[in-house]
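Structure at a glance
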Amino acid sequence: MLPLLTRIDHVGIACRDLDAAIGLYTATFGLEVASLEVNEEQGVREAMLRVGEGSAPAGPPGYVLPGDVLPGYVQLLEPLGPDTPVGKFLARRGEGLHHVGYGVSDVRQALAAIGGTGLRLIDERPRHGSLGASIAFLHPADLGGVLTELVQVAGRA
(Lines give C-alpha, C1' and ligand atoms only; values in the text may rest on other atoms or scores of the structure.)
Protein backbone atom coordinates (compact mmCIF):
# COMPACT_ATOMS: atom_id res chain seq x y z
CA MET A 1 0.00 0.00 0.00
CA LEU A 2 1.32 3.44 -0.92
CA PRO A 3 1.33 6.10 1.81
CA LEU A 4 -1.81 8.24 1.77
CA LEU A 5 0.02 11.41 2.80
CA THR A 6 2.35 12.73 0.12
CA ARG A 7 3.79 15.86 1.76
CA ILE A 8 3.14 18.62 4.25
CA ASP A 9 1.02 21.12 2.31
CA HIS A 10 0.61 23.85 4.91
CA VAL A 11 0.42 24.84 8.54
CA GLY A 12 -2.72 26.75 9.52
CA ILE A 13 -2.29 29.51 12.09
CA ALA A 14 -5.24 31.26 13.73
CA CYS A 15 -4.86 35.02 14.22
CA ARG A 16 -7.06 37.88 15.33
CA ASP A 17 -5.70 40.41 12.80
CA LEU A 18 -4.81 39.00 9.39
CA ASP A 19 -3.10 42.16 8.14
CA ALA A 20 -0.85 42.32 11.22
CA ALA A 21 -0.01 38.62 10.92
CA ILE A 22 0.85 39.02 7.22
CA GLY A 23 3.12 41.93 8.14
CA LEU A 24 4.85 39.85 10.81
CA TYR A 25 5.46 36.83 8.57
CA THR A 26 6.59 38.86 5.56
CA ALA A 27 8.92 41.10 7.59
CA THR A 28 10.34 38.34 9.78
CA PHE A 29 10.68 35.48 7.30
CA GLY A 30 10.62 37.21 3.91
CA LEU A 31 7.57 35.22 2.82
CA GLU A 32 5.34 36.46 0.00
CA VAL A 33 1.56 36.29 -0.12
CA ALA A 34 0.50 33.73 -2.75
CA SER A 35 -3.23 34.35 -2.27
CA LEU A 36 -5.75 36.24 -0.18
CA GLU A 37 -9.35 35.09 -0.03
CA VAL A 38 -12.50 35.04 2.02
CA ASN A 39 -14.00 31.59 2.52
CA GLU A 40 -17.56 32.19 3.73
CA GLU A 41 -18.25 28.44 4.08
CA GLN A 42 -15.39 28.10 6.57
CA GLY A 43 -15.94 31.54 8.10
CA VAL A 44 -12.42 32.86 7.51
CA ARG A 45 -10.43 35.52 5.78
CA GLU A 46 -7.15 33.89 4.89
CA ALA A 47 -3.73 34.39 3.39
CA MET A 48 -1.51 31.71 1.93
CA LEU A 49 2.20 32.59 2.23
CA ARG A 50 4.50 30.53 0.03
CA VAL A 51 7.41 28.70 1.68
CA GLY A 52 10.07 27.39 -0.68
CA GLU A 53 10.21 26.94 -4.41
CA GLY A 54 7.70 25.19 -6.58
CA SER A 55 4.63 25.68 -8.73
CA ALA A 56 1.26 24.11 -9.44
CA PRO A 57 1.45 20.48 -10.58
CA ALA A 58 1.93 19.88 -14.30
CA GLY A 59 -0.27 16.78 -14.43
CA PRO A 60 -4.03 16.33 -14.58
CA PRO A 61 -6.05 18.42 -12.11
CA GLY A 62 -5.54 17.18 -8.57
CA TYR A 63 -2.65 14.84 -9.31
CA VAL A 64 0.98 15.38 -8.43
CA LEU A 65 3.30 13.65 -10.86
CA PRO A 66 6.87 12.48 -10.22
CA GLY A 67 9.13 15.47 -10.67
CA ASP A 68 6.52 18.04 -9.63
CA VAL A 69 7.95 20.32 -6.96
CA LEU A 70 5.23 21.97 -4.92
CA PRO A 71 5.73 24.76 -2.42
CA GLY A 72 4.55 24.57 1.15
CA TYR A 73 2.51 27.33 2.76
CA VAL A 74 1.82 29.12 5.99
CA GLN A 75 -1.94 29.68 6.06
CA LEU A 76 -3.00 32.61 8.23
CA LEU A 77 -6.65 32.45 9.32
CA GLU A 78 -8.73 35.34 10.68
CA PRO A 79 -12.30 34.48 11.69
CA LEU A 80 -15.20 36.32 10.09
CA GLY A 81 -16.97 36.22 13.45
CA PRO A 82 -16.80 34.75 16.97
CA ASP A 83 -19.18 31.88 16.17
CA THR A 84 -17.05 30.45 13.35
CA PRO A 85 -14.74 27.48 13.96
CA VAL A 86 -11.63 29.70 14.00
CA GLY A 87 -13.43 32.32 16.13
CA LYS A 88 -14.28 29.64 18.71
CA PHE A 89 -10.71 28.31 18.55
CA LEU A 90 -9.31 31.78 19.30
CA ALA A 91 -11.70 32.20 22.26
CA ARG A 92 -10.60 28.83 23.73
CA ARG A 93 -6.90 28.74 22.91
CA GLY A 94 -5.80 32.13 21.61
CA GLU A 95 -3.65 32.71 18.56
CA GLY A 96 -1.42 29.94 17.30
CA LEU A 97 -1.27 26.62 15.50
CA HIS A 98 -4.75 25.64 14.31
CA HIS A 99 -4.14 22.66 12.00
CA VAL A 100 -1.71 20.82 9.74
CA GLY A 101 -2.59 20.20 6.10
CA TYR A 102 -1.15 17.14 4.35
CA GLY A 103 -1.12 16.56 0.61
CA VAL A 104 -2.96 13.54 -0.80
CA SER A 105 -3.23 12.38 -4.42
CA ASP A 106 -6.97 11.69 -4.18
CA VAL A 107 -8.92 13.15 -1.27
CA ARG A 108 -11.98 10.94 -1.83
CA GLN A 109 -9.85 7.80 -1.82
CA ALA A 110 -7.99 9.01 1.29
CA LEU A 111 -11.28 9.69 3.12
CA ALA A 112 -12.55 6.20 2.28
CA ALA A 113 -9.31 4.54 3.45
CA ILE A 114 -9.03 6.59 6.64
CA GLY A 115 -12.74 6.28 7.44
CA GLY A 116 -12.36 2.52 7.07
CA THR A 117 -9.92 2.49 9.99
CA GLY A 118 -12.58 3.87 12.31
CA LEU A 119 -11.00 7.30 12.64
CA ARG A 120 -13.64 10.03 12.82
CA LEU A 121 -14.03 12.24 9.77
CA ILE A 122 -15.22 15.82 10.17
CA ASP A 123 -15.91 15.90 6.43
CA GLU A 124 -17.28 12.80 4.75
CA ARG A 125 -17.03 14.51 1.36
CA PRO A 126 -14.43 16.98 0.08
CA ARG A 127 -15.13 20.70 0.08
CA HIS A 128 -13.55 23.76 -1.53
CA GLY A 129 -10.26 24.88 0.01
CA SER A 130 -7.53 27.43 -0.57
CA LEU A 131 -6.01 27.85 -4.01
CA GLY A 132 -8.80 25.74 -5.53
CA ALA A 133 -7.86 22.59 -3.62
CA SER A 134 -10.30 19.86 -2.57
CA ILE A 135 -10.03 19.40 1.19
CA ALA A 136 -11.41 17.41 4.11
CA PHE A 137 -10.75 17.51 7.85
CA LEU A 138 -10.15 14.65 10.30
CA HIS A 139 -11.20 14.79 13.94
CA PRO A 140 -8.40 16.00 16.26
CA ALA A 141 -9.51 13.79 19.17
CA ASP A 142 -8.47 10.74 17.16
CA LEU A 143 -5.10 12.22 16.10
CA GLY A 144 -3.46 13.29 19.34
CA GLY A 145 -5.30 16.60 19.51
CA VAL A 146 -4.13 17.76 16.05
CA LEU A 147 -6.78 18.97 13.62
CA THR A 148 -5.68 17.38 10.34
CA GLU A 149 -6.59 18.55 6.85
CA LEU A 150 -6.27 16.45 3.71
CA VAL A 151 -5.42 18.55 0.64
CA GLN A 152 -5.73 17.50 -3.00
CA VAL A 153 -4.13 20.33 -4.94
CA ALA A 154 -5.81 21.82 -7.98
CA GLY A 155 -3.78 21.04 -11.06
CA ARG A 156 -3.22 23.16 -14.11
CA ALA A 157 -6.18 23.01 -16.44
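1. Remarks on the overall build of the protein
When you go through the protein residue by residue, the secondary structure sums to three helices and eight strands. The helix and strand sequence of the protein, counted from the amino end, reads β-α-β-β-β-α-β-α-β-β-β. For the protein, buried positions account for 43% of its 157 residues. Pairs at least 24 apart in sequence give 60% of the contacts found in the protein among residues at least 6 apart. By element, 56% of the accessible surface of the protein is carried by carbon and sulfur atoms, the whole surface being about 8,400 Å².

2. With respect to unusual backbone geometry
Notably, Leu131 is not glycine yet its phi reads approximately 55°, a positive angle. Locating Leu131 in the fold gives a position in the loop between β6 (127-128) and β7 (134-138). Leu131 sits in the partly exposed class, given a relative accessible area of 36%.

3. As for the pattern of salt bridges
All chains considered together, the criterion is met by five salt bridges. The partner of Arg120 in a salt bridge is Asp142, with the nearest N and O atoms 2.8 Å apart. Of this pair, Arg120 sits in the loop between α3 (107-115) and β6 while Asp142 sits in the loop between β7 and β8 (148-152), and the two are 22 residues apart along the sequence. You can call Arg120 partly exposed: its relative accessible area is 41%. We classify Asp142 as partly exposed; its relative accessible area is 30%. Where Asp123 meets Arg127, a salt bridge forms, and the shortest distance between an N and an O atom there is 3.1 Å. Residues participating in the shared-partner salt-bridge network are Asp19, Arg45 and Glu78.

4. Some points on the nonpolar core
Core analysis: the biggest nonpolar cluster contains 11 residues, these being Ile13, Cys15, Leu18, Ala21, Ile22, Tyr25, Leu31, Ala47, Leu49, Val74 and Leu76. Listed by contribution, the elements that provide at least two residues to this core are α1 (18-29), β3 (44-51) and β4 (72-79). The element best represented in this core is α1, accounting for four residues. Non-local contacts of Leu49, meaning those with residues more than four positions away in its chain, are made with Tyr25, Thr26, Leu31, Glu32, Val33, Ala34, Gly72, Tyr73, Val74 and Leu76. Grouped together as the second largest cluster of nonpolar side chains are nine residues, Val104, Val107, Ala110 and Leu111 included.

5. Some words on the sheet that holds strand β2 (residues 32-39)
The mixed open sheet is built from eight strands, whose spatial order is β2-β3-β4-β1-β5-β8-β7-β6. Both edges of this open sheet fall to β2 and β6, since each of them pairs with a single strand only. Where β2 and β3 come together, seven bridges link them in antiparallel fashion. Its bridge partner being in β3, Glu32 is matched across the sheet by Arg50.

Parameters and conventions
Residues numbered from 1 in each chain as written. Predicted model: local features only at pLDDT ≥ 70, side-chain atom pairs only at ≥ 80, totals over all residues. Heavy atoms only, no water. Helix = DSSP H or I, 4+ residues; strand = E, 2+ residues; numbered from the N terminus. Buried < 20%, exposed > 50% of the residue type's maximum accessible area, 1.4 Å probe, protein only. Contact = heavy atoms within 4.5 Å. Areas by Shrake-Rupley, 256 points an atom, 1.4 Å probe, with all protein chains shown as cover. Salt bridge = Lys/Arg side-chain N within 4 Å of Asp/Glu carboxyl O. Core = buried A, V, L, I, M, F, W, Y, C linked by side-chain atoms within 4.5 Å. Pairing = 2+ DSSP bridges.

Honestly, that's just the spatial picture; any functional story needs more than this.
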